[in-house]
Amino acid sequence: MKPEELLQQLQQAPDFLKLTLAHPDFLPFASYQLENGTDIQIWDTGVIYCQPKQFGQQDIVLSSGVHGNETAPVELCSELLNKVLAGKLLLTERVLFLFGNPPAMNAGVREIQDNLNRLFSGHHSKEPGVQSAERERAKKLESYVLKFFDEAPQGLRERKLYDLHTAIRGSRFEKFVVYPFLHGKNWSKNQFEFLKACGANTVLLMQTPASTFSYFAAQSCKAHGFTIELGKARPFGQNDMSRFADAAAAFRALISGGELATTEFNEADFNLYEVRRSIDKTTEAFKLHFADNIENFTTFDLGTVLASDQGVEYRVEVEGEAIIFPNPKVAVGQRAMLMVKPVSVTGKVS
Ligand SMILES: [Zn+2]
């Protein structure tokens, strides 16, 4: 597709997601200006940069579809973006919209070959000779995000990246956030307040580096980065968008200077967890000992066998230990489940 053709189609029907899904592997660079003065630049398939004529001090990345079958956030972001493109929503900040994995979105699957959200911070290139579309994409997404932040004007600015997901299984707390490891720095009070306005007051505070997009944003870009799980994954068109109304309103307000429904941070309003241990699948014999429909953040009695692998059993070791992200289908050597426990952030938030 030629850039002129792309622009013509986008101006006729301002639906960038549709164009992305029609051209999941590539879109050429193209740029134009909306009547309200907003500069629009297409950087790649699923990657579009919007810069209003006048903008504030935040640089905001809204990412969705890093897992192709997690459609609700894709629909949420697409709706916001289409309003911008149609001139119905005037941005007050620079915004980069990313649709992570278009081929997987088309196929209705989490990934084609590799879990894209395990490939950031250079993990895309850690195994020489191993190639996949997702490895290529992770490398490109990193470069687009770096370019976006690097090209911001000089001065005191706030960098943000919200990577929106939905979980494979249900959750005791429908919406929850993974707050990447900050290497001992304080957690952000303002960001807790924003997350609560999104309807996500359950936060998992990580204590180790990760290969996720949000950790890359936090560590390599010095941004406020988050993985936000908005609910359970469902196919396109089958999401009850009313369940995401708070998040949609919060993101809309964030990028367009609207009033945010925030309240002052109070730890009692949150369910805060930290990771106690990570359970990896070490052989093909790995098995979970609870039903598929057991929700994230479920707790079990002390001593309950949760999983087993070749010659080893994993039991509940402390009171209040809860499961999260159990997935026995991961490749051997990968994380099959996290065990978390409640934690306080008193003295560690500012
Ligand atoms: Zn996901």
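Once a new chain begins, its residue numbering starts again from 1 and follows that chain's sequence as written. Given that this is a predicted model, residues contribute local features only at a pLDDT of at least 70 and side-chain atom pairs are listed and counted only at 80 or more, while totals for whole chains, interfaces and linings are drawn from all residues. As a rule here, side-chain values come from all non-hydrogen atoms in the structure, and water together with hydrogens is ignored.

1. Details of unusual backbone geometry
Not every positive phi belongs to a glycine, and Ser121 is a case in point at roughly 55°. Here's how the labels work: a residue is buried when its accessible area is under 20% of the maximum for its type, exposed when over 50%, partly exposed in between, all with a 1.4 Å probe on protein chains only. For Ser121, a relative accessible area of 24% corresponds to the partly exposed category. Its identity is not glycine, yet Lys222 carries a phi of approximately 55°, on the positive side. Elements are defined by DSSP. Helices are runs of H or I of four residues or more, strands are runs of E of two residues or more, and each kind is numbered from the N terminus. Its place among the elements puts Lys222 in the loop between helix 7 (213–220) and strand 9 (224–232). On the accessibility criterion, Lys222 (57% relative accessible area) is exposed.

2. Details of the domain arrangement of the protein chain
You can read the domains of the protein chain as domain 1 (3–268) and domain 2 (279–340). Computed over C-alpha atoms, the centres of domain 1 and domain 2 are 29 Å apart. On the domain 2 side, the residues contacting the 14 residues of domain 1 number 17 residues. We define buried area as the total accessible area lost by two parts upon association, computed with a 1.4 Å probe and summed across both. Interface of domain 1 and domain 2: buried area, both sides summed, is about 1200 Å²; carbon and sulfur atoms make up 58% of it. It is Arg169, Arg172 and Leu204 in domain 1 that bury the most area against domain 2; as a group they hold 49% of the surface buried on that side. A pairing counts as a salt bridge when a side-chain nitrogen of Lys or Arg comes within 4 Å of a carboxyl oxygen of Asp or Glu. Our count for the domain 1 to domain 2 interface comes out at zero salt bridges. Under this definition, polar contacts are N or O atom pairs within 3.5 Å; protein pairs additionally need one hydrogen-donor-capable and one acceptor-capable atom, and for neighbouring residues in sequence, both atoms have to be side-chain atoms. For the pair domain 1 and domain 2, the interface holds six residue pairs in polar contact (both at pLDDT 80 or more). At the level of secondary structure, the elements contributing two or more residues to the side of domain 1 that touches domain 2 comprise strand 7 (176–179) and strand 8 (202–205). Where each domain starts and ends follows an automatic or database-derived domain assignment. Contact criterion: two residues are considered in contact whenever any of their non-hydrogen atoms come within 4.5 Å of each other.

3. Structural notes on the coordination of the zinc ion
Every protein donor of the zinc ion is accounted for by His67 (ND1), Glu70 (OE), Glu70 (OE) and His165 (ND1), and the metal-donor separations fall at 2.0 to 2.4 Å. Classification of the site at the zinc ion as irregular follows from its four donor atoms and the range of 57 to 146° in their angles at the metal. Coordinating N, O and S atoms are those within 2.8 Å of the metal (3.2 Å for Na, K and Ca), and as water is not part of the atoms, a site may appear to have fewer donors than expected. For the zinc ion, the donor residues sit on a single chain with the sequence spacing H-x2-E-x94-H. Pair noted here: His67 is in the loop between strand 4 (58–64) and helix 3 (71–85) and His165 is in strand 6 (residues 158–167), with a separation of 98 residues, a long-range link. Each of the two residues, His67 as well as His165, counts as buried. A four-donor site is classed as tetrahedral when every donor-metal-donor angle falls between 85 and 135 degrees; four donors are called square planar, and six octahedral, when trans pairs exceed 155 degrees and all remaining angles lie between 65 and 115, with any other arrangement labelled irregular.

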